[in-house]
Structure formats: structure tokens, C-alpha cells
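Each chain, written out:
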Amino acid sequence: MLPPLWSKLLLLLTVGGPTVYVQANLLHNSGFESLASWHCWSFQCSLSNTAHSGHHSVQVTGRKHVYDGPSQDIHVTAGHTYDVSAYVKLLTQTDSGGEKLQVMMTIDTPDGPQYQAAATHLSAHVTDGWVKLTGEFTVPNAVQRARYKIQGPEPSVEFLVDDAMLTEVTRNNGTMDWRNATDEVINAVRKSDIHIRVTNSGKLNPADVTIQVVQKTKSFPFGTMVKTAEYNDNAANGKYRDFIHRHFNWAVLANALKWPAMERNQGELRYQEPLEAIHGLKDHGLKVRGHNIVWSVSRHIQPWIQELTGNALRHAVEKRINDVMNITHGLLEHWDVNNENLHGQWFQDTLHDPHYNLDIFRMAHHADPSVKLFLNDFNVVASGQMTQAYLNQAREFKAAGVGLYGMGVQCHFHPYTQPDPVAVKEHLDTLAQAGIPIWVTELDTVAKDENQRAEYYERALRALYGHPAVQGIMLWGFWAPTTWRGEDGALVTGDNFELTAAGRRVLDLLEREWMTDETHVLAESGEQWTVRGFHGDYEVHVRHQGQQVTTHTFTLTAQPATVHLTL
């Protein structure tokens, strides 16, 4: 453990090469070799000879609430981000199954306390031994006091804690560093070689021949959230529909497929509105994601469901799965199955079955094996509060063989805060360890100044598109009246659908920088040359003295393509 006087110093280590910066642990007595600096109010803490490292850990007993646990007052800086970790070992557990473990930050502000679960492990067992919690949190701008605490299991559960950590995050966010890194990935992963081979059998003057290689559609999914009422009302909002059809190749309905919208009252299914929108989108060439089958956060569950328990609840969930997947069979590419199951476990808790979330996936996969099933959650990329917990959950589902295809990462970046591309990469690197596809399912940023908002969107999009594990990006809306962020998050504003500076920046990336359009003069390029092109559908136009001679079409995938042209 570092000497206390060094608690805020940056240590400099040189390890056979470039300088490595190691941030000091800001917690006192982080190894629990005594009880000094740790508070145990209304429950008991004692030293144990069972330790993760060193000689001792702290044993926690006599708890009355899930939020009871050893805590320490900490000194943090407003607006700064901190990594946290701790090792926890359960000594007992309840009959209901796995226990939740958390590093919880309490931040006192002028408006009252804020609570951030900086690190979470959802389902710990005695047999797991020492479990490592890892995560991060960002301090609000109006912090007055802060506290670090390990908590989470049911009150009757006894546990050990050791090797706690709190360090300030220091990242190199120099524009050229992260831009160069993402550009390299984009060039390597999002593009392939197009080999052009020309035979000039007609002996045309090469100076009079131009060859244009132009991309017509993109393969990479760039999509948007769609509000069905506005989309379906074409007479009133034709501009809304047109914008979606013109600029996106994927879509996801905002609310119309959710259980409360489709079955507000038991047995009264309402599916005409979402089906009308889905058919309209598909008729215009867009693919559609399904969002969502069930939602485990209690405030998003309709009252008649919350009145059910036991077999009645199980039957209702099974019926919901079969109903919605039969109604949409063959129309959707993806389903978000159990939305935000990291942040809410209402179905598991109500049924006293910690593995019921796995059963929900099994039922969905059985109902329609052809559709790709996703987890979907937040605070896993835009922030790192739940990144490790999400990786653990994905590994659990993958190992259980319940039909999981991918991880949906909601990227609602903190309002009025510039996205951190280096942090985004770190979080995506962590999630990629699950070895399954990652989709950005809900992306937005917020800034009052539209030029600043443009910078925010560009940083976010480059970081996401520039990570090899990301296979699709969905904006959570674009038009101010239909986004939960309003004007401060909008790409488009007003009844005339005027692009904001952010909208112009996003479309410039999607439709200019990340699309291929090159024209070569045969006299300059020669008869063999290569274009590095983005994946998608292409046309090659050959013109002689400005007049069209021939057109060749092809699709560029991850494999190189060769185009033979005879003049």
C-alpha cells in the first residue's frame, strides 16, 4: 500500500521503455489490515484472517439493509472520473440464489444526495470465492461530500471485503492520438480493396476515358429510432418519413412494440400501429430491430402485470413472448429480450428465481429461432459503471446456451459533457472479451450549442464506428419533437426539418467521409489500380469524352473485389 502522503501523487514508472503513469490509490487502509478509516454504522465489522492479500480482510455481519456495508469518506474532484474496485467473498447466501454486490458512491450535492453504483456483480455465490468488483464513476459538478461503500447482498448475508481501490482516471485524449487509432480501424475493418483491371481493346485515347467507382449503399448498419405515430401519419409528417428513408438503412420502434403499449390491459393486444410502421420501413429497404419483449425495471411494467405472482406471472410472460414473436415473425432482424436487466430484476425478484432471465431468453429463442436475440443496457460504454457487470452477464448467457446473439449497448452520453473516445474504446475492449457482436442500440449526445453538439456527435461516432467489435449503430432519434433529449440533442429541428450543425456533421460522416466515390482518368491511373472502398453496393461508370460507355455493378464485402472492364 502506498504511503498516505502519496495518496494524491502520480507515480512515474519506467519499465524498459516509455513512461507509464500509475495513479495512486486514494483510499486509506485499502488492504483492511486494521479497521482504521472504515465506518460500519449499525452493523458489525471485524478483522478476519482470511484475506485476498496481506494478512487480514474485514468481516461484515449484523446488517439490517442491503445498503449496509463498510464505507469511507473520500476526497474527489467535480467532473473527474475515477476507477473503483474491491474484492468480496460471501460467507453465506440466501435460498433465492445469487447475491448482488456493489461498490456504491454517495455524492452529496446542494440538491441532495446522488447514488452511483460504480461497480456491480449481479449473481455472486459462496462457491465463487473472492469476486472482484470493477467499474468507474464520474463526480457531479456540484459535489460537496463523497463516500465509497461496499454493499448489496441481502441483509442476512455475511461477507468479507479486501483490497479496495479508488484511483483517478487519467487518459490521453489528444485528438490526433484517438483519431489516428480509430481511422486505422475504420480503414482496416470497414473497407476492402477494389482492384480495377482495364483492357482497352478499342484503343480509346486513355486521356478521354474516366472511370468512376461510386458507392450507392452502405452495408454497415446506421439506423434511427422511429416514433410510429409520426411515421404512420404520412399526411402530417411526410418529411419525417422521407428523412428516415433517405438517410438510414436500419430502424427501431421507440415504444410501440413494448409490452405496456401492446397490452396495456390484459388480453387487449394492440399491434396494428407497430406493424404498419414496420411494413412501411421494410418497403423502403430498411431493416428493423425489435425493442423490447419485456423490461425488468419495475416502473416500466404495467399495473396488471405487477399484480401477478407465481405461475400466473410465468404464464403471462410466456404468452407475451409467443404473442409478440408470432405477430412479428419474419419482419424483424433483432429482439432486445429483457431490457436493462442489469438495472432491474423485477421478474427474477418477484418469482424468487435469479435465473428466470435465462428462461425468458430460452422461451424467446424457442418461439422464433431465426431472429437474433440481444441483451440491452446502459452505463456500459458511455460510462463504465456497469461495464464489468455486463461482460459477466454476457458470459453467463453465452455459456448457458439460451440463444444470445449480441450485446446492445445504449450510448446516452452524459448531458452537456463531451464524450471521451479513449474511455469508449476501453469499455468496448472490455465487452468484446465476451466474443459476441456488439450493437450501439441507442445513441445520443446533448449540448445546447449546436456546433458543440456537432463535435460531441462526431467524437462519439468515430469512437464507436472505429471499434472492430461494433457491428451497427442506432441513433435514438434525430428530430427534436420526437427525441427525449429535445432541442439540445437534435440533429434536425423545426417543422421544415432544418439540419442543425450536428445534423450536418453526422450526415457528412455517414454519407461523404464514410462512403466511397473516386474518379480516375485512365491516362493517369493506368490499366491496373486499386481503390480502398467502404463495404456496400457499387456502380463503376466508364465514360469516354464525358459520354457513358458502360456500367458495372457489384457488392463489396470484407473480401477484396476485382472488377474487369473491357473498353
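We now turn to the structure provided with this report. Predicted model, so just to flag it, every value in this text is computed and none were measured. (Residues numbered from 1 in each chain as written. Predicted model: local features only at pLDDT ≥ 70, side-chain atom pairs only at ≥ 80, totals over all residues. Heavy atoms only, no water.)

Right, let's talk about the sheet that holds strand β11 (residues 159–168) for a bit. Pairing is antiparallel across the open sheet formed by five strands, whose spatial order is β3-β4-β11-β6-β9. With one partner strand each, in any of the chains shown, β3 (44–48) and β9 (130–138) form the two edges of the open sheet. Adjacent strand axes in the sheet meet at a mean angle of 30 degrees, parallel and antiparallel pairs treated alike. Note that strand β6 (residues 81–90) and β11 share eight bridges and pair antiparallel. (Pairing = 2+ DSSP bridges. Helix = DSSP H or I, 4+ residues; strand = E, 2+ residues; numbered from the N terminus. Axes fitted to C-alpha atoms, helices over the stretch in contact; angles between N-to-C directions.)

What follows deals with unusual backbone geometry. For the bond running from H291 to N292, omega is -10 degrees, close enough to zero to count as cis. Mapped onto the secondary structure, N292 falls in strand β16 (residues 287–295). Of note in the backbone geometry, E340 takes a positive phi value of approximately 55 degrees without being a glycine. Topologically, E340 is positioned in the loop between β17 (334–339) and α8 (346–351).

The N-to-C vectors of helix α12 (residues 450–465) and helix α13 (residues 501–513) enclose an angle of 35 degrees; their axes lie 7 Å apart at closest approach. At the point where α12 passes α13, the crossing takes the right-handed sense. Across from E450, N451, R453, A454, E455, Y457, E458, L461 and R462 in α12, the residues of α13 making contact are A501, A502, R504, R505, V506, L509, L510 and E513. For the contact of α12 with α13, the residue count by class is eight nonpolar, one polar and eight charged. (Left-handed = near helix turned anticlockwise from the far one by under 90°. Contact = heavy atoms within 4.5 Å. Nonpolar A, V, L, I, M, F, W, Y, C, P; charged D, E, K, R; others polar.)

For H121, the location among the structural elements is in strand β8 (residues 112–124). Of note is the side chain of H121, whose polar atom sits 3.4 Å from the side chain of N392. In this view, H121 contacts E99, K100, L101, V131, L133 and N392; residues no more than four positions away in its chain are not counted. (Polar contact = N/O pair within 3.5 Å; in protein donor to acceptor, adjacent residues only side chain to side chain.)

Take the packing of helix α11 (residues 421–432) against α12 next. The contact between α11 and α12 brings their axes to 9 Å, and the two run at 30 degrees. Our classification of the angle between α11 and α12 gives roughly parallel. Considering only the axes of α11 and α12, their crossing is right-handed. Across from P421, V424 and L428 in α11, the residues of α12 making contact are R459, A463 and L464. Looking at the contact of α11 with α12, its residues break down into five nonpolar, no polar and one charged. (Parallel < 35°, antiparallel > 145°, perpendicular 65-115°, else oblique.)

The next thing to look at is the environment of D368. Tracing the backbone through its elements, the reader meets D368 in the loop between α9 (356–367) and β18 (372–377). The spatial distance from the C-alpha of D368 to the C-alpha of H329 is 7.3 Å, given a sequence separation of 39 residues. Residues within four places of D368 in sequence aside, it is in contact with M325, H329 and G330. Within polar-contact distance, the side chain of D368 engages the side chain of S370 at 2.5 Å.

What follows concerns the nonpolar core. If you look at the biggest cluster of nonpolar residues, it comprises 113 residues, and the most contacted ones within it are I305, F347, L443, I473 and F478. Residue contributions to this core peak at seven residues, all from α12. (Core = buried A, V, L, I, M, F, W, Y, C linked by side-chain atoms within 4.5 Å. Buried < 20%, exposed > 50% of the residue type's maximum accessible area, 1.4 Å probe, protein only.)

Attention now moves to the pattern of salt bridges. This structure, assessed with the given rule, holds 19 salt bridges. In this structure, D193 and R532 form a salt bridge, with 3.1 Å as the shortest nitrogen-oxygen distance. With a gap of 339 residues between them, D193 in strand β12 (residues 191–199) and R532 in strand β25 (residues 528–534) connect regions that are remote in the sequence. The closest approach of N and O atoms between D359 and R362, which form a salt bridge, is 2.8 Å. Taken together, the residues D359 and R362, both in helix α9 and three residues apart, mark about one turn of the helix. Among the charged side chains, a salt-bridge network with shared partners connects R179, D183, E455, E458, R462, R505 and E513. (Salt bridge = Lys/Arg side-chain N within 4 Å of Asp/Glu carboxyl O.)

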